[in-house]
Amino acid sequence: MQKTFLLVDKVSTWLGHAFSWLLVALTFLITWEVFSRYVLSNPNPWAFDLMMMMYGSIFMMAGAYTLSQNGHVRGDVLYSFFPPRLQAGLDLLLYFLFFIPGVFALAWAGYFYAGESWAIKEISNITSDGPPIYPFKTIIPLAGTMLLIQGVVEILRCVVCLKEGRWPSRKADVEEVDVDKLKEMVHVSDQDIVELDKYIVSKEGATK
């Protein structure tokens, strides 16, 4: 079962990484549009629509990836102090109460929403001669389906944790560098920082 967990994590991570490249394209698009509008006096009417579609795609496709990394925001002021079995029990309850119904509705409604858009070859009406948006709306059921699959894996992880008393491992990925890890990397302790603060204060006092 652990291999299945990690396989789904790998797919979610791959999709998250793939769609993250849209950030680079979005940066270049915004830069070009600003240059074209204010320097060349030649704004592109389709640019705003395309920016929204690119950002929306990134936002939606990052959902399953973030869930695979256990990165979604939660009120963990007390949660982090709970033992693993209690954490798993709470997660399991919330998955069935809120996550599964909401994400299933997203995927189900998104399927018909995208299908209707493809049927009429829908284009954006925000600007004149807007770009087609039916490919973008296809992202909605795709993102919902991937999020639902990853959610099922997380539910099974909760079940395993309830049985074994510890959380199953996850596929590791690049994370933000936190302060504690940074201190370990540069071999700096809290006491070193305190001593440095005292030294700076003493120097400032000597110069006055």
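Just so it is clear, the model here is predicted, and its values are computed rather than measured. (Residues numbered from 1 in each chain as written. Predicted model: local features only at pLDDT ≥ 70, side-chain atom pairs only at ≥ 80, totals over all residues. Heavy atoms only, no water.)

### Points about the overall build of the protein
Definition in use: Helix and strand definitions here come from DSSP, where helices need a minimum of 4 consecutive H or I residues and strands a minimum of 2 consecutive E residues; each element is numbered from the N-terminal end. Residue exposure (1.4 Å probe, protein chains only): buried if accessible area is under 20% of the type maximum, exposed if over 50%, otherwise partly exposed. Note that accessible areas follow from Shrake-Rupley with a 1.4 Å probe, and for residues the cover is restricted to the protein chains shown.
Each helix and strand in the protein was counted, giving 8 helices and 0 strands. Along the protein, from the amino end to the carboxyl end, the secondary structure elements read α-α-α-α-α-α-α-α. In the protein, which comprises 208 residues, the proportion classed as buried is 31%. Summed over all atoms, the accessible surface of the protein reaches about 14,200 Å², with 70% contributed by carbon and sulfur.

### Digging into the pattern of salt bridges
The cut-off we apply is this: In the sections that follow, a salt bridge refers to a side-chain nitrogen of Lys or Arg positioned within 4 Å of a carboxyl oxygen of Asp or Glu.
Inspection of the entire model under this criterion finds 6 salt bridges. Connected through shared salt-bridge partners, D9, E154, R157 and R170 make up one network.

### A closer look at the packing of helix 1 (residues 2-20) against helix 3 (residues 47-68)
Note the threshold: Every axis corresponds to a line fitted to the C-alpha atoms, with the helix fit spanning only the stretch in contact, and the corresponding angles, defined between N-to-C directions, vary from 0 to 180 degrees. Here roughly perpendicular refers to angles of 65 to 115 degrees, roughly parallel to angles under 35, roughly antiparallel to angles over 145, and oblique to all remaining angles. Helix crossings are classified by the rotation of the near helix relative to the far one: an anticlockwise turn of less than a right angle makes the crossing left-handed, while a clockwise turn makes it right-handed. By the convention used here, residues are in contact when the closest approach between their heavy atoms is within 4.5 Å. When residues are sorted by character, Ala, Val, Leu, Ile, Met, Phe, Trp, Tyr, Cys and Pro go into the nonpolar class, Asp, Glu, Lys and Arg into the charged class, and all the rest, Gly among them, into the polar class.
One can describe the packing of helix 1 onto helix 3 by two numbers: an axis separation of 8 Å at closest approach and a directional angle of 150°. Classified by the angle between their axes, helix 1 and helix 3 sit roughly antiparallel to one another. Judged by the twist between their axes, the crossing of helix 1 over helix 3 is left-handed. Contact residues: helix 1 offers D9, S12, T13, L15, G16, H17 and F19, while helix 3 offers S57, I58, M61, A64, Y65 and S68. Of the residues in the contact of helix 1 with helix 3, the class split is 6 nonpolar, 6 polar and 1 charged.

### Let's talk about the environment of R37
Within the element layout of this structure, R37 appears in helix 2 (residues 22-38). Leave out the neighbours within four places in its chain, and R37 touches N42 and P43.

### A look at the state of the cysteines
Cut-off, in case you're wondering: Only a pair of cysteine sulfur atoms within 2.5 Å counts as a disulfide in this structure description.
This structure, assessed with the given rule, holds 0 disulfides. Free cysteine: C158, not disulfide-bonded; nearest cysteine sulfur from C161 at 7.3 Å. The class of C158 is buried, set by a relative accessible area of 1%. Classification of C161 by relative accessible area gives buried; the value is 0%.

### A closer look at helix 1
Which entries qualify depends on this criterion: Here a helix's expected span is defined as the number of its residues, less one, multiplied by 1.5 Å. Arc definition: it is the arc formed by the directions from the helix axis to the C-beta atoms.
In a regular helix each residue adds 1.5 Å, so 19 residues correspond to 27 Å; helix 1 covers 27 Å between its end C-alpha atoms and thus fits that length. Three or more residues of helix 1 are buried, namely F5, V8, D9, S12, T13, L15, G16 and F19. Axial view of helix 1: buried residues confined to an arc of 165°, hence all on one face. Exposed side chains of helix 1 directed beyond 90 degrees from the buried face belong to K3, L7, K10 and W14. Where helix 1 is buried, its residues contact helix 2, helix 3 and helix 6 (134-164).

### Topic: a nonpolar patch on the surface
Note the following rule: Patch criteria: residues need more than 30% relative accessible area and no salt bridge. Like-charged residues are merged within 9 Å; nonpolar side chains of Val, Leu, Ile, Met, Phe, Trp and Tyr are merged within 5 Å.
Residues I30, W32, V34, F35, Y38, V39 and L40 make up a contiguous nonpolar surface patch of roughly 720 Å² in combined accessible area. Position of V34 among the secondary structure elements: in helix 2. Among the residues examined, V34 registers a relative accessible area of 44% and is labelled partly exposed.

### Focus: the packing of aromatic side chains
Stated formally: Between rings of Phe, Tyr and Trp, where Trp is taken as its six-membered ring, a pair exists when centres lie within 6.5 Å; planes separated by under 30 degrees are stacked, by over 60 edge-to-face, and by other angles tilted. We call a charge positioned over a ring when the NZ of a Lys or the CZ of an Arg lies within 6 Å of the ring centre and within 35 degrees of the ring normal.
All told, the structure shown has 6 aromatic pairs when counted by the stated rule. Their ring planes at 35° and their centres at 5.7 Å tell us that W32 and F35 sit as a pair that is tilted. With W32 and F35 both in helix 2 and 3 residues apart, this pair spans about one turn of that helix. Aromatic ring contacts, followed pair by pair, group F104, W108, Y111 and F112 into a single cluster. Stacked on the ring of Y134, the Lys or Arg K121 has its end atom at 5.8 Å from the ring centre.

### Things to note about the environment of R74
As for its placement among the helices and strands, R74 is situated in the loop between helix 3 and helix 4 (76-79). Overall, R74 belongs to the partly exposed group, its relative accessible area being 31%. In contact with R74, not counting residues within four places along its chain, are Y79 and D91.

### Digging into the nonpolar core
Put simply, the rule is: Residues grouped as a nonpolar core are buried Ala, Val, Leu, Ile, Met, Phe, Trp, Tyr and Cys residues, joined through side-chain atoms within 4.5 Å.
Core analysis: the biggest nonpolar cluster contains 10 residues, these being L67, A88, L92, Y95, F99, V103, L147, I155, C158 and C161. Of all the elements in the fold, those that place two or more residues in this core are helix 5 (84-119) and helix 6. Among the elements that take part in this core, helix 5 stands out by supplying 5 residues, more than any other. Those residues in contact with C161 that sit more than four places away from it in its chain are P84, R85, A88, R166 and W167. Core analysis: the next-biggest nonpolar cluster, separate from the first, contains 7 residues, M61, A64, A143 and M146 among them.

Interpretation note: all reported values are geometric properties and have no functional meaning in isolation.
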